[in-house]
Amino acid sequence: MMATDVVNVKEFQVLAKQKLPKMVYGFYASGAEDEWTLEENERAYQTIRIWPRILLDVSNVDLSTRVLGFDITMPVMIAPTSMHKMAHPDGELATAQAAAAAGTVMVLSTGATSSIEEVAQLNSGIRFFQLYIFNKTNAIQLVQRAEKSGYKAIVLTVDTPRLGHREADKKNRFALPPHLSLKNLIDVVPSQEQQEQIKGSKFETLIACMDQELSWKDVKWLQTVTKLPVLIKGVLTVEATEQALQASVAGIIVSNHGGRQLDHVPATISVLEEIVVAARGRIPVFLDGGIRRGTDIFKALALGASGVFVGRPILFALAIDGETGVKKALQILHDELELTMALAGCCKISDIKRSHVRTLRDRNRPSSRL
Ligand SMILES: Cc1cc2nc3c(=O)[nH]c(=O)nc-3n(C[C@H](O)[C@H](O)[C@H](O)COP(=O)(O)O)c2cc1C
Ligand SMILES: CCCCCCC(=O)C(=O)O
């Protein structure tokens, strides 16, 4: 198969497996331990049925929406993923160009191989900055740089006090290729001495430097050092949603880190609805994990998501064809969502209702005839 033959975003992964070095492909593709959650993230969409409406005028389908007050062309955004230059020499710059061209949000990772400023200089696209907190001094610096560079929100990732156990990385002795660097973390790069102490690679030592004491009071603290809205990424429970409301965050992202952190946590789509209910419409609820089809996006929106973020398909598309590949991946997801909406009888995002889907739980209710 050639890049030009790709007809759905899953095919980018097949091509990327053939093209990328084993260590890089393994880092991007793998999940934690038995990869149950990684697989469940995709599998869970299969249990949800779409209930279409018919004979509605769907000659004009509009996917545009608003996220944190910003107009975007579709409720599909780019999740923060680290180290894009392992996929393609243009790295995050290519991804950011594609996101801006598609009119949607890109979230730049703290672990990017391009700097906050390099990405910001490219165009006027809408970008958020994903924050990993190593220490408060570094966090303040990163947030101030993001603010100054025009990023519109801070996405605080809260599911990574330590890195999940990814066996592929262990087997492949994962390390960032020496010609690349994590440009935003130059000042927390571990010393040779620290590396020897931890008996790991530079990457493992760096991760070990993350602030493992992070707590809800630090979420409050973060809000005092930035004017930007703060989103919490890594929410999977009603309890955390209630705490997020109490902390007055601007929104939450239901995420299990693409199955890379704690294995056997539920698929994100399976917990979305209870989290949406717990959020009581007070803050937007976004979701990532396992989104591979327009129908997946439609299901997430019907269950109450204000938008979704996509991770691996973007990385694999980048690996295959740089900026053009990412544009193509975004276009495919756009077109699939548009077609799904037309076939389900929805002309705009707000037409997508809870009654357009039936979940396993709906079907298992005693009164159900489905
Ligand atoms: C290779 C890779 C690197 C990632 N790096 C980050 C990161 O730096 N920060 C973060 O918050 N999440 C990171 N994630 C998690 C994604 O933001 C997102 O939660 C996940 O990829 C969504 O699942 P999907 O890949 O099935 O779309 C990473 C995921 C992958 C696959
Ligand atoms: C600051 C370095 C980040 C590396 C970890 C990236 C990540 O979140 C992942 O899932 O991998």
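To be clear, the structure that these remarks concern was listed above.
Throughout, a residue's number is its position along its own chain's written sequence, starting from 1. Chains and ligands are labelled by the order in which they are written, letters from A for the one and numbers from 1 for the other. Selection of residues for local features in this predicted model requires a pLDDT of at least 70, selection of side-chain atom pairs for listing and counting requires 80 or more, and totals for whole chains, interfaces and linings are taken over all residues. The basis for every side-chain value is the complete set of non-hydrogen atoms in the structure, without hydrogens or water.

Draft legend 1. Structural detail: the overall build of the chain. Comment: elements are numbered from the N terminus, with helices defined as DSSP H or I runs of at least four residues and strands as E runs of at least two. A tally of regular secondary structure across the chain gives 15 helices and 12 strands. Compactness check: the chain gives a C-alpha radius of gyration of 20 Å against a globular reference of 21 Å for 370 residues, within 12% of the reference. With a 1.4 Å probe rolled over the protein chains alone, any residue whose accessible area is under 20% of its type maximum counts as buried; one over 50% counts as exposed, and the rest are partly exposed. Relative to its 370 residues, the chain shows a buried fraction of 55%. Two residues form a contact once any of their heavy atoms are found within 4.5 Å. Sequence-distant contacts in the chain: of pairs separated by 6 or more residues, those separated by 24 or more amount to 73%. With the model as given, the accessible surface of the chain reaches about 16,400 Å², and the carbon-plus-sulfur share is 53%. In the chain, 43 positive and 40 negative side-chain charges are present, and the distance between their average locations comes to 2 Å. Computation of the radius of gyration draws on C-alpha atoms alone. For the globule rule, the value is 2.2 Å times the number of residues to the power 0.38. Accessibility throughout is a Shrake-Rupley quantity obtained with a 1.4 Å probe, and a residue counts as covered only by protein chains that appear here. Note on charges: Lys and Arg go in the positive column, Asp and Glu in the negative column, and His and the chain ends are not counted at all. By convention, the point assigned to a charge is CZ for Arg, NZ for Lys, CD for Glu and CG for Asp.

Draft legend 2. Molecular detail of the packing of helix H1 (residues 10-19) against helix H14 (residues 312-344). Look at H1 against H14: their axes get within 11 Å of each other, and the N-to-C directions meet at 175°. The angle between H1 and H14 falls in the class roughly antiparallel. Facing Phe12, Gln13, Leu15, Ala16 and Lys19 of H1, the residues of H14 in contact are Phe316, Ala317, Ala319, Ile320, Gly325, Lys328, Ala329 and Ile332. The classification used treats Ala, Val, Leu, Ile, Met, Phe, Trp, Tyr, Cys and Pro as nonpolar, Asp, Glu, Lys and Arg as charged, and all other residues, Gly among them, as polar. Of the residues in the contact of H1 with H14, the class split is nine nonpolar, two polar and two charged. The convention used is that axes are lines fitted to C-alpha atoms, helices contributing only their stretch in contact, and that angles between N-to-C directions extend from 0 to 180 degrees. Roughly parallel means an angle under 35 degrees; roughly antiparallel means over 145; roughly perpendicular covers 65 to 115; every other angle is labelled oblique.

Draft legend 3. Geometry of empty space enclosed by the protein. In this analysis, the protein atoms alone were mapped onto a 1 Å grid. Cavities are point sets where a 1.4 Å probe fits without being able to get out; pockets are open sets with protein on both sides within 12 Å along at least five of seven lines; lining residues have an atom within 4 Å of a point. Grid points are joined across faces, edges and corners, and a volume is the space filled by probe spheres set on the points. Per the counting criterion, the structure on display carries one cavity of 30 Å³ or more. What lines the largest cavity is a set of 39 residues, and nearest its centre among them are Pro80, Thr81, Ser82, His257 and Arg260. Contributing elements (two or more residues each) for the lining of the largest cavity: helix H2 (22-29), helix H9 (202-208), strand S11 (307-310) and H14. Grouping the amino acids of the lining of the largest cavity by side-chain chemistry returns 19 nonpolar, 14 polar and six charged.

Draft legend 4. Here's a closer look at the packing of aromatic side chains. Pairing of aromatic side chains requires ring centres within 6.5 Å, counting the rings of Phe and Tyr and the six-membered ring of Trp. Pairs whose planes differ by under 30 degrees are stacked, by over 60 edge-to-face, and all others tilted. Scanning all chains against the criterion turns up eight aromatic pairs. For the pair phenylalanine 174 and phenylalanine 203, a centre-to-centre distance of 5.2 Å together with 80° between the ring planes defines the contact as edge-to-face. With phenylalanine 174 in the loop between helix H7 (167-171) and helix H8 (192-198) and phenylalanine 203 in helix H9, this pair connects stretches of sequence that are 29 residues apart. Overall, phenylalanine 174 belongs to the buried group, its relative accessible area being 5%. Seen in terms of ring centroids, phenylalanine 286 and phenylalanine 309 are 5.9 Å apart; in terms of plane orientation they differ by 75°. Their pairing is edge-to-face. Of the two residues, phenylalanine 286 is situated in strand S10 (residues 285-288) and phenylalanine 309 in strand S11; the sequence distance between them amounts to 23 residues. Of the two residues, phenylalanine 286 and phenylalanine 309, neither departs from the other in class, the shared state being buried. Ring-pair connections join several aromatic residues into one group, and the members of that group are Tyr25, Phe27, Tyr28, Phe174, Phe203 and Phe316.

Draft legend 5. View of the site of ligand 2. It suffices for a single heavy atom of a residue to lie within 4 Å of a molecule or strand for the residue to be listed as near it. Near ligand 2 you find Phe27, Ser82, Gly111, Tyr132, Phe134, Arg166, Leu182, Leu185, Phe203, Ile207, His257 and Arg260, and these make up its full shell. We define a polar contact as two N or O atoms separated by no more than 3.5 Å, with the added condition that, inside protein, one atom must be a possible hydrogen donor and the other a possible acceptor, whereas residues neighbouring each other in sequence contribute only through side-chain atom pairs. Arginine 166 places a side-chain nitrogen or oxygen 2.7 Å from an oxygen atom of ligand 2. A distance of 2.8 Å separates an oxygen atom of ligand 2 from a polar atom in the side chain of arginine 260. If ligand 2 stood free it would expose 340 Å²; the protein chains cover 96% of that surface. Being in a pocket or cavity means that more than half of the molecule's atoms lie within 2 Å of its grid points. Placement of ligand 2 is best described as lying within the largest cavity. Here the residues of the shell around ligand 2 sort into seven nonpolar, three polar and two charged.

Draft legend 6. Representation of the site of ligand 1 within the structure. Every one of the 23 residues lining ligand 1 counts as a neighbour, but Pro80, Ser109, Thr157, Asp288 and Arg292 are closest to it. A distance of 2.8 Å is found between an oxygen atom of ligand 1 and a side-chain nitrogen or oxygen belonging to arginine 292. Relative to its free-state accessible area of 600 Å², ligand 1 is covered by the protein chains to the extent of 98%. Listing elements by their share of the shell around ligand 1, those giving two or more residues are H2 and H14.

Draft legend 7. Fine view of the pairing of strand S7 (residues 153-157). Across the five residues that make up S7, a large majority, five, are buried. Neither face of S7 is open: one carries Ala153, Val155 and Thr157, the other Ile154 and Leu156, and all of them are buried. Relative to S7, strand S6 (residues 127-131) is paired through four bridges, and the arrangement is parallel. Within the sheet, the bridge partner assigned to phenylalanine 129 lies in S7 and is isoleucine 154. A crossover connection joins S6 to the parallel S7 through helix H6 (residues 136-148); in handedness this β-α-β unit is right-handed. Across four bridges, S7 lies against strand S8 (residues 230-235) in parallel orientation. Each residue of the ladder has a partner; that of isoleucine 154, found in S8, is valine 230. For two strands to be treated as a pair, DSSP must find no fewer than two bridges joining them. Throughout, right-handed denotes a crossover for which the path from the first strand over the helix to the second runs clockwise when the strands point away from the viewer.

Draft legend 8. Representation of the pattern of salt bridges. Salt bridge, as applied in this entry: a Lys or Arg side-chain nitrogen positioned within 4 Å of an Asp or Glu carboxyl oxygen. Counted by the stated rule, this structure contains 15 salt bridges. One salt bridge in this structure joins arginine 354 and aspartate 362, with 3.0 Å as the shortest N-O distance. It is possible to trace a salt-bridge network through shared partners that takes in Glu273, Arg354, Asp362 and Arg365.

Draft legend 9. Focus on unusual backbone geometry. The phi dihedral of leucine 68 falls on the positive side, at around 50°, and the residue is not glycine. Inspection of the secondary structure puts leucine 68 in the loop between strand S2 (65-67) and strand S3 (70-72). Although it is not a glycine, arginine 173 sits at a positive phi angle of roughly 45°. Here arginine 173 is to be found in the loop between H7 and H8.

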